[in-house]
Amino acid sequence: MKTVTFKFFRLALCTLLLFFTTHAMVAQAQAGGGEGGGNAQSPIQVIVQIFVTAIVLGVLNFFDLP
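On a predicted model such as this, the values are computed, not experimentally measured, just so you know.

Mind showing me how you'd approach the overall build of the protein chain here?
From N to C terminus, the protein chain includes 2 helices and 0 strands. Sorting the 66 residues of the protein chain into buried and exposed places 12% on the buried side.

The structure is reproduced here in structure tokens:
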């Protein structure tokens, strides 16, 4: 039971990290784009977002999820 709780906690933590990181990058890009709005992410932000997503998916792949 303790192992399942720990795995669930790590899964929840990684999922929230991915969600908040992605949300923060989009919000930062929109703020930097001025009042015109829109998703004006720089290529560096897109590359970092892809790497973060790949890392989180790699961590999630480590767990034996149903």
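Please explain helix α2 (residues 43–62) as it appears in this structure.
Spacing of three or four residues puts side chains on the same side of an α-helix, whose turn is 3.6 residues. Helix length check: α2 (20 residues) gives 29 Å between terminal C-alpha atoms against 28 Å at 1.5 Å per residue, within 8%. Of the positions making up α2, those classed as buried are Q45, Q49, V56 and L60. The arc enclosing the buried residues of α2, seen along the axis, measures out at 45 degrees, which places them on a common side. Facing away from the buried side of α2 by over 90 degrees, the exposed positions are P43, I44, I50, F51, I55, N61 and F62.

Sorry, what's going on with a nonpolar patch on the surface here?
On the surface, I44, I47, V48 and F51 cluster together into a nonpolar patch covering about 390 Å² of accessible area. Accessibility expressed as a relative area gives 55% for F51, which makes it exposed.

Looking at this model, I keep getting lost on the side chain of Q49. Mind explaining?
Among the structural elements, Q49 can be located in helix α2. In contact with Q49, not counting residues within four places along its chain, are T22, M25 and Q41.

Sorry, what's going on with the environment of T22 here?
With respect to the helices, strands and loops of the structure, T22 is situated in helix α1 (residues 2–32). Residue T22 is classed as partly exposed on the basis of its relative accessible area, which comes to 24%. In sequence terms T22 and V52 are 30 residues apart; their C-alpha atoms lie 8.8 Å from each other.

The rules we used
- Residues numbered from 1 in each chain as written.
- Predicted model: local features only at pLDDT ≥ 70, side-chain atom pairs only at ≥ 80, totals over all residues.
- Heavy atoms only, no water.
- Helix = DSSP H or I, 4+ residues; strand = E, 2+ residues; numbered from the N terminus.
- Buried < 20%, exposed > 50% of the residue type's maximum accessible area, 1.4 Å probe, protein only.
- Expected span 1.5 Å × (residues − 1).
- Arc of directions from axis to C-beta.
- Patch = residues over 30% accessible without salt bridge, like charges linked within 9 Å, V, L, I, M, F, W, Y side chains within 5 Å.
- Areas by Shrake-Rupley, 256 points an atom, 1.4 Å probe, with all protein chains shown as cover.
- Salt bridge = Lys/Arg side-chain N within 4 Å of Asp/Glu carboxyl O.
- Contact = heavy atoms within 4.5 Å.

Keep in mind these numbers describe shape, not what the thing actually does.
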